[in-house]
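So the chains spell out like this:
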Amino acid sequence: MRVYEAVVAALESIGVDAAFGGAGENAAGMMLALDKSDQIRPIIAKNEQGAAFMACGYAMFTDKLGVCFATAGPGAFNLISGLCVALTDSYPVLAVTGYSTVAWDGRGTLNETSGLFRTPNSAMMFDAVTKKDPETGEPANYLVTSADDLMPTLQKAIEVAYSGRPGPVHVAVAEDITDPAIKVSNFSPLRIPFDPVKPDQARVDGAATLLAATINEGKRVVLLSGFGAILSGANEAVLAFVERFQIPVVTTMDGKGIVDEEHDLAIGLYCDSGHKAAWEIFDSADVIIALGNSFAQHATFDFSDKLFDERALVHINIDAAEIDKVYRADHAIISDAKLAIAALHEAMDDRVGPVAAQDYRPKDYDERFIISPTPKLHPGRMVQAISRMLPDRGVVLADAGAHAAWCGYYLELNEGQNFRKPGTYGPMGIAVNGALGVKYADMDRTVVAAVGDGSYLMSGFELMTAVQYDIPVIWVIFNDREFKLIKLYQIAAFRRCGLVEFDNPDYAAYARACGAQGYTVDRLNEFEDVFATALASRKPTLIDARITRLALPNYSPDPDGILSAIFDRVRERFGA
């Protein structure tokens, strides 16, 4: 078989059933091979960045490999932002790109990226955004220049993508070997390695001793859950653990839904835009179990140095590099989150007697009851409506912006539902496009992209992709005609704002012009009506939600609350 036919057959052999890419001359063979496939559903995006974001979405809540592809040069470089997301957020993603004729390197051939004679250097670019091979420490960025090297290179790339903490890998195929006369003579099926990172029993026993003693002494243990727990599918193990030992749960934004958020032990969101009840119960803890948590900036109040002044930390993470990176761990367990929490449960079970049922949920008043000075649509109330109406196993994705804070604060997930915001790389547009990948990975799940108008304007043409391939995502645009989060930052830091307001098109008319459903709302009852219609229609739908500008998301730069933050600012300014 030809080179790209072998690539597609290899992907089929490991169960890949979708690939997202961009059209181009160097990707022509890949496009033809995918078009012939009976197993892999190809999606040609309007821009390769959208395709890479879709591949991230495809891998986001599954064990599946996200696959994106592009032509050489600019097409390949357009994948970079998506691979950055996969790198920071731990998604197994394979990027397959073309590469201009190696025999002509340095001559200035079309799309050349050899780095010679004022051409871009794709090796440097992809080295920077791919996961490192744990055996060699080298980036998993490969250029295939011989047909005989294709299969071992693909196998190596897959092994790196899945080993330990997942991440992105890149395989470039030189144009030299894509001639129809060149054949792959050594084809063999690929293998996905199944070698989970298991906890060291001595480390588990050490942590279990501390935790059991803390509980037996009537002191408080709190579980802080991050996205690593979601990625590992640790929901049932976490629920069994916290119910057995009556441990309250707080989460990062990306850890939302690790247990049903209506559960008595689910306190809320712990971050700078989180719940007061979560801040208070964290502050009352004697020991924190950080599960699948990397202590990101906004989850730690800008890396506050007082978070662990008076409490011990048990840190569980699949990546040893995360341990002690921000906060020193008293006990560290390097492991898959699901395996680690199950091992802790077993190790503690005989050491702790029956624990009386607890209800730690002093709900924040404004988490349920929103007072608004205007009848115009309040974003918090709209998110509450999404919570009430979201079907079982529904997914809500937020993009970068103030709307992510609204979603994190007011969205309450039931068992089986998921939420995701941009990770630490934080590009605008990841949810706008990534939602197509999440939906394509499981067409039975409802997928809602709750996005800002700024982020939608950056990448909204993939709505046409959703229409073309019949991918019924629901986009809810938080339309206030400004970059709200940037504006708030400008005012806080510089006491003025500028260049943050913009005009929006008629989104509903645009949606209909693309062949999708489009609606405009500015009242809560209108939103509820059209959201119900969108859920029932199973068609790509865009809802232009014209929200009030007067609403501000809950926020404190200090884990002890806004008053403590004000006191700290005054003390810093006047030296008190």
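This one's a predicted model, so the numbers in the text were calculated from it and none came from an experiment. (Residues numbered from 1 in each chain as written. Predicted model: local features only at pLDDT ≥ 70, side-chain atom pairs only at ≥ 80, totals over all residues. Heavy atoms only, no water.)

Phi at Asp 470 takes a positive value of approximately 55°, unusual for a residue other than glycine. Notably, Arg 495 is not glycine yet its phi reads approximately 65°, a positive angle. Its place among the elements puts Arg 495 in the loop between helix 19 (484-494) and helix 20 (507-514). (Helix = DSSP H or I, 4+ residues; strand = E, 2+ residues; numbered from the N terminus.)

So, about the nonpolar core. Residues Leu 344, Tyr 456 and Trp 475 are the most contacted members of the largest nonpolar core, which totals 115 residues. Among the elements that line this core, the one with the most residues is helix 3 (residues 48-60), at nine residues. Once residues lying within four places of it in the same chain are set aside, the contact partners of Tyr 456 are Val 432, Val 451, Leu 463, Trp 475, Ile 477, Tyr 507, Tyr 510 and Leu 542. Ile 14, Ala 33, Phe 69 and Met 151 belong to the second largest nonpolar core, which has 37 residues in total. (Core = buried A, V, L, I, M, F, W, Y, C linked by side-chain atoms within 4.5 Å. Buried < 20%, exposed > 50% of the residue type's maximum accessible area, 1.4 Å probe, protein only. Contact = heavy atoms within 4.5 Å.)

Before going further, it helps to examine helix 3. For helix 3, spanning 13 residues, the distance from its first C-alpha to its last is 18 Å, which sits close to the expected 18 Å at 1.5 Å a residue. Helix 3 sits mainly inside the fold: 12 of its 13 residues count as buried. If you check the start of helix 3, you find a side-chain oxygen 2.8 Å away from the backbone N of Gln 49, and it comes from Asn 47. (Expected span 1.5 Å × (residues − 1). Polar contact = N/O pair within 3.5 Å; in protein donor to acceptor, adjacent residues only side chain to side chain.)

Tallied over the full model, the rule gives 29 salt bridges. Asp 349 is paired through a salt bridge with Arg 244; the nearest N and O atoms lie 2.7 Å apart. Separated by 105 residues along the polypeptide, Asp 349 in helix 12 (residues 337-349) and Arg 244 in helix 10 (residues 235-245) bring together distant segments of the chain. Overall, the relative accessible area of 33% leaves Asp 349 in the partly exposed class. Put simply, Asp 254 and Lys 421 hold a salt bridge, and the shortest N to O gap is 3.3 Å. Within this pair, whereas Asp 254 is found in the loop between strand 8 (249-251) and strand 9 (266-269), its partner Lys 421 is found in the loop between strand 14 (418-420) and helix 16 (430-441), the two being separated by 167 residues in sequence. The buried category is assigned to Asp 254, whose relative accessible area is 10%. (Salt bridge = Lys/Arg side-chain N within 4 Å of Asp/Glu carboxyl O.)

Turning to the sheet that holds strand 14, a few remarks are in order. Reading across from one edge, 14-13-15-16-18-17 is the order of the six strands in this open sheet, with parallel pairing throughout. The outermost strands of the open sheet, each flanked by one partner alone, are strand 14 and strand 17 (517-521). Ignoring strand direction, the axes of neighbouring strands in this sheet form an average angle of 15°. Sheet strands in contact with helix 20 are strand 16 (474-479), strand 17 and strand 18 (541-546), and its direction is about 175° off that of strand 17. On top of the sheet, helix 21 (residues 524-537) reaches strand 15 (447-452), strand 16, strand 17 and strand 18; it is set at about 165° to strand 17, its chief contact. (Pairing = 2+ DSSP bridges. Axes fitted to C-alpha atoms, helices over the stretch in contact; angles between N-to-C directions.)

Interaxial distance between helix 10 and helix 12 falls to 9 Å at its minimum, and their mutual angle equals 25°. The orientation of helix 10 relative to helix 12 falls into the category roughly parallel. The interaxial crossing formed by helix 10 with helix 12 has left-handed handedness. Residue-level contacts link Ala 237, Val 238, Ala 240, Phe 241, Arg 244 and Phe 245 of helix 10 to Lys 338, Ile 341, Leu 344, His 345, Met 348 and Asp 349 of helix 12. Across the contact of helix 10 with helix 12, the residue classes tally to eight nonpolar, one polar and three charged. (Parallel < 35°, antiparallel > 145°, perpendicular 65-115°, else oblique. Left-handed = near helix turned anticlockwise from the far one by under 90°. Nonpolar A, V, L, I, M, F, W, Y, C, P; charged D, E, K, R; others polar.)

Any link to function would need more than the numbers given here.
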